[in-house]
Amino acid sequence: MKAWMRRLKIELISPITKSKLVFGEDGKDNLTISVQGSKYPALLKDKGTISIYNLDYATITKIILYKYYKVKIYAGYRDTGEILIFSGQISYISNKIHSAHDWQCYICFASDVVSQYSQNRMNLNLTSGINLYTAIENICYRSGITNPHIDPELKNTFINEVNNLYGTTSTILESATLTNQGKYTISSDNTLGTVIDVTTTKGKRIIKIKNDTIPIGGGNPRLSSAGLQITLLPTFNFQPGDILQIDNGILDVSISSADSVTTTYNTNYLDKNGMYMITELTYTFENRGNSFQYDIKARALNIISQFDTEA
């Protein structure tokens, strides 16, 4: 595997000063930074925490005073460049004192939908006959979410009844897709989108994973009845709904249980074309620690019978 120099950068943007604070850029500030976060097919679960050691109190005060609450997280390598991993808002800031000379600033972040717009309640009618794409676009417009990504496939799904909706942005979006639960994945991370149709591969990102970009220090990617569990380097902004194309030959499908006679063999969960859709992921990035990776869970396309696997 290539030995790449890590890059981890945090940008905080203020609507008051129209400027940004940058941490971790080429190590200029000499700060120790770590980021832990998650992305799920749900509006309220895209969140995480940035930890910065010994960030001076003047900077923390400045963040709060001038509302540097818009956050962008970049990770990558010097050779391949930085990738926007997450875009959202700060939801809370706290400081933990370890000693007289050491402290740790925790910056909790969440999506724009949760951090900024969840308090904005709306009352609107969705008329029958319009498609789900138009309905979600209207909801986002009314709540102030600009340029949302909405899967074009939703234009093929129409609302059959008049719906009178009242609530926050997140609850209304969930209500709009509730009747088709399991058909759509809802992500509130602004780096990609809002609602994705997961019953088809049309229009989905198919990402071919090279073997030399899979860190196997902890073993090969594991396949079981729970799906595919794989660790990947931040060479791409992976999202729920993305399809990974990987070499099935590197997957660990072994069974160590003594009850293997009554167990469905893990090879049954393989996709013959090596195609696996991401269902959820967590990520940990440290500019000076050992962790710098995505931990991804995915399902074989041919396991989910609703899928149209002809991309």
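Definitions and limits used
- Residues numbered from 1 in each chain as written.
- Predicted model: local features only at pLDDT ≥ 70, side-chain atom pairs only at ≥ 80, totals over all residues.
- Heavy atoms only, no water.
- Helix = DSSP H or I, 4+ residues; strand = E, 2+ residues; numbered from the N terminus.
- Buried < 20%, exposed > 50% of the residue type's maximum accessible area, 1.4 Å probe, protein only.
- Contact = heavy atoms within 4.5 Å.
- Areas by Shrake-Rupley, 256 points an atom, 1.4 Å probe, with all protein chains shown as cover.
- Salt bridge = Lys/Arg side-chain N within 4 Å of Asp/Glu carboxyl O.
- Patch = residues over 30% accessible without salt bridge, like charges linked within 9 Å, V, L, I, M, F, W, Y side chains within 5 Å.
- Phe/Tyr/Trp six-rings, centres within 6.5 Å; stacked < 30°, edge-to-face > 60°.
- Core = buried A, V, L, I, M, F, W, Y, C linked by side-chain atoms within 4.5 Å.
- Pairing = 2+ DSSP bridges.

> So, the overall build of the protein: which residues are in play, and what are the values?
A tally of regular secondary structure across the protein gives 4 helices and 17 strands. Of all 311 residues assigned to the protein, the portion counted as buried reaches 46%. In the protein, 66% of the contacts between residues at least 6 apart in sequence involve partners at least 24 apart. For the protein, the computed accessible surface area is about 15700 Å², with 47% contributed by carbon and sulfur atoms.

> Pulling in residues and values, what's your account of the pattern of salt bridges?
In the structure shown here, the tally under the stated rule is 7 salt bridges. Notably, a salt bridge pairs Glu 82 with Arg 7, separated by 3.1 Å at the nearest N-O pair. Of the two residues, Glu 82 sits in strand β6 (residues 81-97) while Arg 7 sits in strand β1 (residues 6-13), which places them 75 residues apart along the sequence. Owing to a relative accessible area of 17%, Arg 7 belongs among the buried residues under this scheme. Among the salt bridges present, the one from Lys 9 reaches Glu 82, with a minimum N-O distance of 3.3 Å. One end of the pair, Lys 9, is in strand β1; the other, Glu 82, is in strand β6, with 73 residues separating them in the sequence. According to the relative accessible area criterion, Glu 82 is partly exposed, its value standing at 27%. Residues joined in a network through salt bridges with shared partners are Arg 7, Lys 9, Glu 11, Lys 20 and Glu 82.

> Residues and numbers for a nonpolar patch on the surface, please.
A cluster of nonpolar side chains, Ile 16, Leu 65 and Tyr 66, forms an exposed patch at the surface whose accessible area comes to about 300 Å². Position of Ile 16 among the secondary structure elements: in the loop between β1 and β2 (20-23).

> Please give an account of the packing of aromatic side chains that cites residues and values.
Counting across every chain of the model gives 9 aromatic pairs. Where Phe 236 meets Phe 238, the ring centres are 5.5 Å apart and the plane angle is 50°; that geometry is what we call tilted. Judged by relative accessible area, which is 28%, Phe 236 ranks as partly exposed. Overall, Phe 238 belongs to the buried group, its relative accessible area being 2%. For the ring pair Phe 238 and Tyr 294, a centre distance of 5.1 Å and an interplane angle of 90° mean the geometry is edge-to-face. Taken as a pair, Phe 238 in the loop between β14 (227-232) and β15 (243-245) and Tyr 294 in strand β17 (residues 292-300) lie far apart in primary sequence, 56 residues in all. Here Phe 238 matches Tyr 294 in class, with each residue buried.

> Any chance you could break down the nonpolar core for me, citing the residues and the numbers?
Membership of the largest hydrophobic core comes to 50 residues, with the highest contact counts inside it found for Leu 12, Phe 23, Ile 50, Phe 238 and Leu 244. Apart from the residues lying within four places of it in its own chain, the contact partners of Phe 238 are Lys 39, Arg 205, Ile 207, Ile 209, Leu 232, Leu 233, Leu 244, Ile 278, Leu 281, Tyr 294 and Ile 296. Membership of the second largest hydrophobic core comes to 14 residues, among which are Leu 132, Tyr 133, Ile 150 and Leu 173.

> Could you give me a rundown of the environment of Thr 32, with the residues and numbers involved?
Among the secondary structure elements, Thr 32 is positioned in the loop between β2 and β3 (33-39). Given the relative accessible area of 27%, Thr 32 is considered partly exposed. With 255 residues separating them along the chain, Thr 32 and Asn 287 place their C-alpha atoms 6.6 Å apart. Those residues in contact with Thr 32 that sit more than four places away from it in its chain are Ser 51, Ile 52, Tyr 53, Asn 287 and Arg 288.

> Any details on the environment of Ser 51? Residues and values, ideally.
Relative to the helices and strands, Ser 51 resides in strand β4 (residues 47-53). Once the C-alpha coordinates of Ser 51 and Ser 94 are considered, the two residues, 43 residues apart in sequence, prove to be 9.9 Å apart. The contact partners of Ser 51, leaving out residues within four places of it in the chain, are Thr 32, Ile 33, Ser 34, Gln 104, Cys 105 and Tyr 106.

> Quick one: what's the story with the pairing of strand β16 (residues 275-286), residue by residue and with numbers?
Regular strands place their side chains on alternate faces of the sheet. The pairing of β3 with β16 spans 6 bridges and is classified as antiparallel. Following the sheet pairing, Ser 38 is matched in β16 by Thr 282. As defined by bridge partners, β15 adjoins β16 across 3 bridges and the pair is classed as antiparallel. Bridging across to β16, Leu 244 finds its partner in Tyr 276. Pairing geometry for β16 and β17, over 9 bridges, is antiparallel. Residue pairing across strands places Ile 278 opposite Ala 298, the latter belonging to β17. Where β16 hands over to β17, the hairpin turn is made up of 5 residues, counted between the paired strands.

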